[in-house]
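Below are the chains, spelled out letter by letter.
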Amino acid sequence: MARTANITRKTKETDINLSLTIDGTGVSEVNTGIGFFNHMLEGFSKHGFFDLTISVNGDLEVDGHHTVEDTGIVLGTAIKEALGDKDGMKRYGSFILPMDDALCLCAVDLCGRPYFVFDCEFPVEQVGGLDTELVKEFFYAVCYSAGMNLHIKMLHGSNAHHMIEAMFKAFAKALDEAVSYDERIKGVLSTKGAL
């Protein structure tokens, strides 16, 4: 059974259409209006093997906050919907990803209980039209909308471009592991019997 979701969310601030296939090949078509953010989401798709189509029309004349946060809300919602009952899934995933000077740790638990830890300070306020403070807002929105426990820790880094890209790729790799199946798991991986 295909694990997919199609989500539309329209407010006075953003109009978002998103399609996600968990068991994909890493094909993406992304247009958020923020070039560097597009690049990060394309990297997430490619390195997690998620097929992803995103179209965002946001109030960028105000700033990028609504566009980035609302995209996170919609992506998190799509992840939650696509995963369904989570039967047979590994549930946990982690990855330490190097990118030149940057080294990022990301750990995921698809437990249904949102909790977010973000440990990073960026050396600059903006990269390619994306305010660096919005990176935390994006992952927070994904985490709470998906109902996942998400930890992101920058172990080392001096170039903000590399740091942010390492985060998105590490998240993709950790999530790819967490959503993968293990034939030993019957039902969900929990002593409670539910996630």
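Thresholds applied
Residues numbered from 1 in each chain as written. Predicted model: local features only at pLDDT ≥ 70, side-chain atom pairs only at ≥ 80, totals over all residues. Heavy atoms only, no water. Pairing = 2+ DSSP bridges. Helix = DSSP H or I, 4+ residues; strand = E, 2+ residues; numbered from the N terminus. Axes fitted to C-alpha atoms, helices over the stretch in contact; angles between N-to-C directions. Polar contact = N/O pair within 3.5 Å; in protein donor to acceptor, adjacent residues only side chain to side chain. Contact = heavy atoms within 4.5 Å. Disulfide = S-S within 2.5 Å. Buried < 20%, exposed > 50% of the residue type's maximum accessible area, 1.4 Å probe, protein only.

**Description of the sheet that holds strand β1 (residues 4-10)**
The strands that make up a sheet pair up through hydrogen bonds in the backbone, lying either parallel or antiparallel.
Phase 1: The four strands are arranged β1-β2-β4-β3 in an open sheet whose pairing can be described as mixed. Sheet topology places β1 and β3 (28-31) at the edges, where each strand pairs with a single neighbour. With direction set aside, neighbouring strand axes in the sheet form an average angle of 5°.
Phase 2: Sheet analysis places β3 next to strand β4 (residues 51-58), joined by four bridges and oriented parallel. Within β4, the position partnered with N31 by the bridge is S55.

**Overview of the side chain of D109**
Phase 1: Inspection of the secondary structure puts D109 in strand β6 (residues 102-109).
Phase 2: Side chain to side chain, D109 and R91 meet in a polar contact 2.6 Å long.
Phase 3: Not counting the four nearest positions on each side in its chain, D109 is found in contact with R91, Y92, M148 and N149.

**Quick word on the state of the cysteines**
Phase 1: Counted by the stated rule, this structure contains zero disulfides.
Phase 2: With no disulfide of its own, C111 lies 8.6 Å from the sulfur of C143, the closest cysteine sulfur.

**Things to note about the environment of R113**
Phase 1: Topologically, R113 is positioned in the loop between β6 and β7 (115-119).
Phase 2: Placed 30 residues apart in sequence, R113 and C143 show a C-alpha to C-alpha distance of 9.2 Å.
Phase 3: If sequence neighbours within four positions are ignored, R113 has contacts with R91, G147, M148, N149 and K192.

**Comments concerning the environment of I34**
Phase 1: Looking at the secondary structure, you find I34 in the loop between β3 and α1 (35-48).
Phase 2: The spacing of I34 and L130 is 96 residues in sequence and 6.7 Å in space, taken between C-alpha atoms.
Phase 3: Sequence-distant contacts of I34, defined by excluding residues within four places in its chain, comprise L60, G64, T67, V68, G128, G129 and L130.

**Describing the pairing of strand β2 (residues 14-21)**
Phase 1: Judged by which residues are buried, β2 turns out to be one-sided: T14, I16, L18 and L20 face inward and are buried, whereas D15, N17, S19 and T21, on the alternate face, are not.
Phase 2: Both β1 and β2 contribute to a ladder of seven bridges, which runs antiparallel. By the bridge assignment for β2, T4 is matched with T21.
Phase 3: Between β1 and β2, which follow one another and run antiparallel, lie three residues.
Phase 4: Bridge count between β2 and β4: eight bridges; the pairing is antiparallel. Across the sheet, residue T21 finds its bridge partner in β4, namely D51.

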